[in-house]
Amino acid sequence: MSKNREETIIKTSIIGIIVNVMLSAFKAVVGLLSNSIAITLDAINNLSDALSSIVTIIGTKLAGKMPDREHPLGHGRMEYLSSLLVSAIILYAGFISLTESVKKIIRPELPDYSMASLIIVSVAIAAKILLGSFVKRQGRKVGSSALVASGADAAFDALLSASVLASAIIYIIWHISLEPFVGILISAFIIRAGIEMVKETLDDILGKRADSDLSKKVRQLVAEEPEVRGAYDLIIHNYGPDKNYASVHLELPDTMTVEQVDLLTRRIEVKVYKATGVVMTGVGVYSYNTNNDESARIRNLVQEIVLSYDWVLQMHGFYADTEKKTIRFDAVLSFDIRSYEDAVKTICGRLHSVLPGYEIQVVPDIDVSD
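What counts and what doesn't
Residues numbered from 1 in each chain as written. Predicted model: local features only at pLDDT ≥ 70, side-chain atom pairs only at ≥ 80, totals over all residues. Heavy atoms only, no water. Pairing = 2+ DSSP bridges. Helix = DSSP H or I, 4+ residues; strand = E, 2+ residues; numbered from the N terminus. Axes fitted to C-alpha atoms, helices over the stretch in contact; angles between N-to-C directions. Contact = heavy atoms within 4.5 Å. 1 Å grid on protein atoms, 1.4 Å probe; cavity = no way out; pocket = protein on both sides within 12 Å on 5 of 7 lines; lining within 4 Å. Points joined across faces, edges and corners; volume = space filled by probe spheres on them. Nonpolar A, V, L, I, M, F, W, Y, C, P; charged D, E, K, R; others polar. Phe/Tyr/Trp six-rings, centres within 6.5 Å; stacked < 30°, edge-to-face > 60°. Buried < 20%, exposed > 50% of the residue type's maximum accessible area, 1.4 Å probe, protein only. Lys NZ or Arg CZ within 6 Å of the ring centre and 35° of its normal. Core = buried A, V, L, I, M, F, W, Y, C linked by side-chain atoms within 4.5 Å. pLDDT = per-residue confidence, 0-100. Salt bridge = Lys/Arg side-chain N within 4 Å of Asp/Glu carboxyl O.

### A look at the sheet that holds strand 1 (residues 230-238)
- If you trace the 3 strands from one edge of the open sheet to the other, you get 1-2-3, paired in mixed fashion. Only two strands of the sheet have a single partner each, and these edge strands are strand 1 and strand 3 (279-288). The average angle at which neighbouring strand axes cross in this sheet is 15°, direction not considered.
- Both strand 2 (residues 244-253) and strand 3 contribute to a ladder of 9 bridges, which runs parallel. What sits directly across from Tyr-245, in strand 3, is Val-279.
- Against the sheet, helix 7 (residues 212-223) contacts strand 1, strand 2 and strand 3, and its axis sits at roughly 135° relative to strand 1.

This is the structure we're talking about:
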């Protein structure tokens, strides 16, 4: 993690803490004095936002630790764990708010709003809109999902505070108390935000499909090399924000020497890192026949048969040895396939019927990147 990125996240989070603590304090006082459950719950929501920012700072500092023997690829995923803790805080605040709102429906208490309370809530709405816009902008600038989520949460808070203000105005004008129901609405928004954040963070921890634009960019950079006929099996492993490691297979002519392949792969590694920041940790090689017309004929036949199955997305890494009677290739299979073993047997059975005497090796691949 770069020093500038870490500083930006920490400074933005500190600003969020200060603003949310102040808003929480003002709303808590107003909520207690006016006997308003909606304003009080809004104060709790702001306090949970402040706690979330504190956890974000701690997670960012831990994620920035240097690699060690136990964690040779760094501690970047600590930021995802801190996001998970933030999600738990948000969910807890949501369920507490829901419980208190239901209690107020069962045992209603009429609020007593003052002009000062309405002004404070109005100022809080404006403050949350400005804070949300600022935090989200900073999050996108440094690529921090935690900050972007905090910014979006602040925008939701502004909307919820607006609903609190609207319920107060309705009570003052028509003497209809919507307080508990607004509290339930606030709770629902908080719980929903917490669940969505848990899902997104778990996706990061479990390992999700690499960003489509990043995958296409890496493939494009690799395919620009004149010796490369195709780039396949690209897998991008994420070890925290801005920490991506990747492996790929290149399809190269069978006439290249080891020295030529070595120079090519080193050139690709440097180019990809400079353009994307992705570290190429492994570059494998598929060879293809260059001076064998019979091999080309077999390849066309095999490709036509293999791609006739709608659950085969791609075929690559093909090589045919007509003297030893061997054929090998990779087949990228759809996630709809329940048994890769059965799929391979189906393909091999069909190919054996048209190419008797050949030993056929099919390696099943999964669609890991766009």
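Past the structure itself, the notes keep going.
### Examining the layout of surface pockets
- There is about 810 Å³ of room inside the largest pocket.
- In terms of lining, the largest pocket is formed by 31 residues, of which the most central are Tyr-80, Asp-204, Lys-208, Asn-238 and Asn-244.
- Listing elements by their share of the lining of the largest pocket, those giving two or more residues are helix 4 (115-142), helix 5 (145-174), helix 6 (179-206), helix 7 and strand 1.
- Considering each element in turn, the lining of the largest pocket owes the most residues, 5 residues, to strand 1.
- Partitioned by chemical class, the residues of the lining of the largest pocket number 12 nonpolar, 11 polar and 8 charged.

### Observations concerning the sheet that holds strand 5 (residues 326-333)
- Ordered in space as 4-5-6, the 3 strands form an open sheet in which the pairing is mixed. The open sheet terminates on both sides in strands that have one partner only, identified here as strand 4 (312-321) and strand 6 (359-366). Mean inter-strand twist for the sheet, computed between neighbouring axes without regard to direction, equals 15°.
- Note that strand 5 and strand 6 share 8 bridges and pair parallel. Considered in strand 6, the bridge of Thr-326 is made with Glu-359.

### Details of the packing of aromatic side chains
- Within this structure, the stated rule accounts for 3 aromatic pairs.
- Ring centres of Phe-318 and Phe-329 lie 6.3 Å apart, and the angle between their planes is 25°; on these two criteria the pair is classed as stacked. Separated by 11 residues along the polypeptide, Phe-318 in strand 4 and Phe-329 in strand 5 bring together distant segments of the chain. In this pair, the class of Phe-318 matches that of Phe-329, namely buried.
- The residue whose ring lies beneath Arg-229 is Tyr-288, and the NZ or CZ to ring-centre distance is 3.7 Å.

### A word on the nonpolar core
- Ranked by size, the top nonpolar core spans 24 residues in total, and within it Val-302, Ile-327, Phe-329 and Ile-347 carry the most contacts.
- Those elements giving two or more residues to this core turn out to be helix 9 (293-306), strand 4, strand 5, helix 10 (340-354) and strand 6.
- The dominant element in this core, judged by the number of residues it contributes, is helix 10, at 5 residues.
- If we ignore the near neighbours within four places in the chain, the residues touching Ile-327 are Ile-298, Phe-318, Tyr-319, Ala-320, Leu-355, Tyr-358, Glu-359, Ile-360 and Gln-361.

### As for the confidence of the model for the chain
- Confidence in the prediction for the chain averages 85 pLDDT; 98% of positions are at 70 or higher.
- Mean pLDDT across the elements of the chain bottoms out in helix 2 (residues 37-63) (79) and peaks in helix 8 (residues 258-276) (94).

### Structural notes on unusual backbone geometry
- Phi is positive for His-175, which is not a glycine, with a value near 60°.
- You can see His-175 is positioned in the loop between helix 5 and helix 6.
- The exposure class assigned to His-175 is exposed, which follows from its relative accessible area of 62%.
- At Lys-325, a residue that is not glycine, the phi angle is positive and equals roughly 60°.

### A look at the environment of Glu-359
- With respect to the secondary-structure elements, Glu-359 resides in strand 6.
- Classification of Glu-359 as exposed rests on a relative accessible area of 58%.
- Taking C-alpha positions, Glu-359 is 6.2 Å from Lys-325, a pair spaced 34 residues apart along the chain.
- Not counting chain neighbours up to four residues away, the residues in contact with Glu-359 comprise Lys-325, Thr-326 and Ile-327.

### A look at the pattern of salt bridges
- For the structure on display, the rule yields 12 salt bridges.
- Here Glu-100 makes a salt bridge to Lys-103, at a shortest N to O gap of 3.6 Å. Linking Glu-100 with Lys-103, this pair stays in helix 3 (residues 78-106), spanning 3 residues, or about one helical turn.
- Each of Glu-224, Glu-225, Glu-227, Arg-267 and Lys-271 takes part in salt bridges that share partners, so that together they form one network.

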